[in-house]
Amino acid sequence: CDRGGEAAGCGSDCSPPVCGDGTVNATAGERCDDGGSGQYCNADCSAFTCPAGCSCFDMAGRSFALCTGVSSFRDAGVSCGPAGITLARVQSPAENQALRSAADTRGLGEYWIGVFDLDQANHWLRSDLAPAWDGTVNSTTHGYTNFASAAPSGTSNRDCAAVLSDGHWQDRDCSLQNPYICERF
């Protein structure tokens, strides 16, 4: 399998990939691999198992779960975890619009995404801990963001990002109860 180097499709011990070995191997067609537990991946590793109360869909090679039950930001993130997913990172205007459209189709207004400044005021991070934004209104963005014109406000206790019905992001009190979108990445 190895052919003298780390060839795609080989395990670290040069064995061919096996569904259930705990390593996602895209070359072999795997989209997930939970080590065979069946907790968040179907039996052939081709798709993750959608959490209860959520509608799952794929977009641009990524899998999302739109969860209509309402939770605080923290509880939403915790709810995503057992399915092997996390609150969504929104990476482009097209993705933001597609997620907003999916929420609109289900009659949802505001919803949580994976952007927050809980660890350090005005230092916004994505759910994968990559920087998203530094400062308040008209400050430095890192990659795609879509904060509303007066956001983020810098107001204490408004440390979590919600997508509004117009697609803009707003800093909100993390204890608010909102639907949420999770992502497998």
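Summary of the structure given here. Bear in mind the structure is a predicted one, so any value in this text is a computation, not a measurement.

### A look at the pairing of strand β2 (residues 62-71)
Piece 1. Summarising burial for β2: seven of the 10 residues are buried, a large majority.
Piece 2. Pairing of strand β1 (residues 54-59) with β2 involves six bridges; the strand directions are antiparallel. The residue bridging Met-59 from the neighbouring strand is Arg-62, located in β2.
Piece 3. Here β1 hands over to β2 after two residues, with Ala-60 in that stretch at a positive phi of 50 degrees.
Piece 4. Relative to strand β10 (residues 178-184), β2 is paired through six bridges, and the arrangement is antiparallel. Considered in β10, the bridge of Cys-67 is made with Tyr-180.

### Describing the pattern of salt bridges
Piece 1. For the structure on display, the rule yields eight salt bridges.
Piece 2. A salt bridge links Arg-74 to Asp-75; the shortest N-O distance between them is 3.4 Å.
Piece 3. Residue Arg-74 is classed as exposed on the basis of its relative accessible area of 60%.
Piece 4. In this structure, Asp-104 and Arg-100 form a salt bridge, with 2.8 Å as the shortest nitrogen-oxygen distance. Residue Asp-104 and its partner Arg-100 are located together in helix α2 (residues 93-105), separated by four residues, close to a single helical turn.
Piece 5. Overall, Asp-104 belongs to the partly exposed group, its relative accessible area being 41%.
Piece 6. Residues joined in a network through salt bridges with shared partners are Arg-62, Arg-89, Glu-95, Asp-128 and Glu-183.

### Some details on α2
Piece 1. When the terminal C-alpha atoms of α2 are compared, their 18 Å separation across 13 residues agrees well with the 18 Å that a helix rising 1.5 Å per residue should span.
Piece 2. Those residues of α2 that fall on the buried side of the exposure criterion are Glu-95, Asn-96, Leu-99, Arg-100, Ala-102 and Ala-103. The buried side chains of α2 occupy one side of the element, clustering within an arc of 155 degrees when seen end-on. Facing away from the buried surface of α2 by more than 90 degrees, the exposed residues are Pro-93, Ala-94 and Thr-105.
Piece 3. Next to the buried residues of α2 lie β1, β2, β4 (111-116), β8 (160-163), β9 (169-172) and β10.
Piece 4. Two residues or fewer past α2, Gly-107 is found with a positive phi of approximately 75 degrees.

### Structural notes on helix α1 (residues 73-80)
Piece 1. Taken residue by residue, α1 has Phe-73, Ala-76 and Cys-80 as its buried positions. Within α1, the buried residues cover an arc of 60 degrees as seen down the axis, which keeps them to one side.
Piece 2. Looking at the buried residues of α1, the elements they touch are β2, β3 (86-87), β4, β8 and β10.

### A few points about the nonpolar core
Piece 1. In terms of nonpolar packing, the biggest core is built from 24 residues, with Leu-99, Ile-113, Val-115 and Trp-169 touching the most fellow members.
Piece 2. Every element with two or more residues in this core is listed here: β1, β2, α2, β4, β6 (131-134) and β8.
Piece 3. With sequence-adjacent residues up to four places away left out, Ile-113 is seen in contact with Phe-73, Leu-87, Ala-88, Val-90, Ala-161, Val-163 and Trp-169.
Piece 4. The next biggest cluster of nonpolar side chains, apart from the first, holds 21 residues, and it includes Phe-48, Cys-54, Cys-160 and Cys-174.

### Structural notes on the pairing of β4
Piece 1. Within β4, six of the six residues are buried, which leaves it mostly tucked inside the rest of the structure.
Piece 2. Judged by which residues are buried, β4 turns out to be covered on both faces: Tyr-111, Ile-113 and Val-115 on one side and Trp-112, Gly-114 and Phe-116 on the other are all buried.
Piece 3. Sheet analysis places β4 next to β8, joined by three bridges and oriented antiparallel. The residue of β8 that forms the bridge with Phe-116 is Cys-160.
Piece 4. Two strands pair when backbone bridges link them, and β4 and strand β5 (residues 123-126) are joined in this way by two bridges, in the antiparallel orientation. Residue pairing across strands places Phe-116 opposite Leu-125, the latter belonging to β5.
Piece 5. Where β4 hands over to β5, the hairpin turn is made up of six residues, of which Asn-122 adopts a positive phi near 65 degrees.

The rules behind these values
- Residues numbered from 1 in each chain as written.
- Predicted model: local features only at pLDDT ≥ 70, side-chain atom pairs only at ≥ 80, totals over all residues.
- Heavy atoms only, no water.
- Buried < 20%, exposed > 50% of the residue type's maximum accessible area, 1.4 Å probe, protein only.
- Helix = DSSP H or I, 4+ residues; strand = E, 2+ residues; numbered from the N terminus.
- Pairing = 2+ DSSP bridges.
- Salt bridge = Lys/Arg side-chain N within 4 Å of Asp/Glu carboxyl O.
- Expected span 1.5 Å × (residues − 1).
- Arc of directions from axis to C-beta.
- Contact = heavy atoms within 4.5 Å.
- Core = buried A, V, L, I, M, F, W, Y, C linked by side-chain atoms within 4.5 Å.

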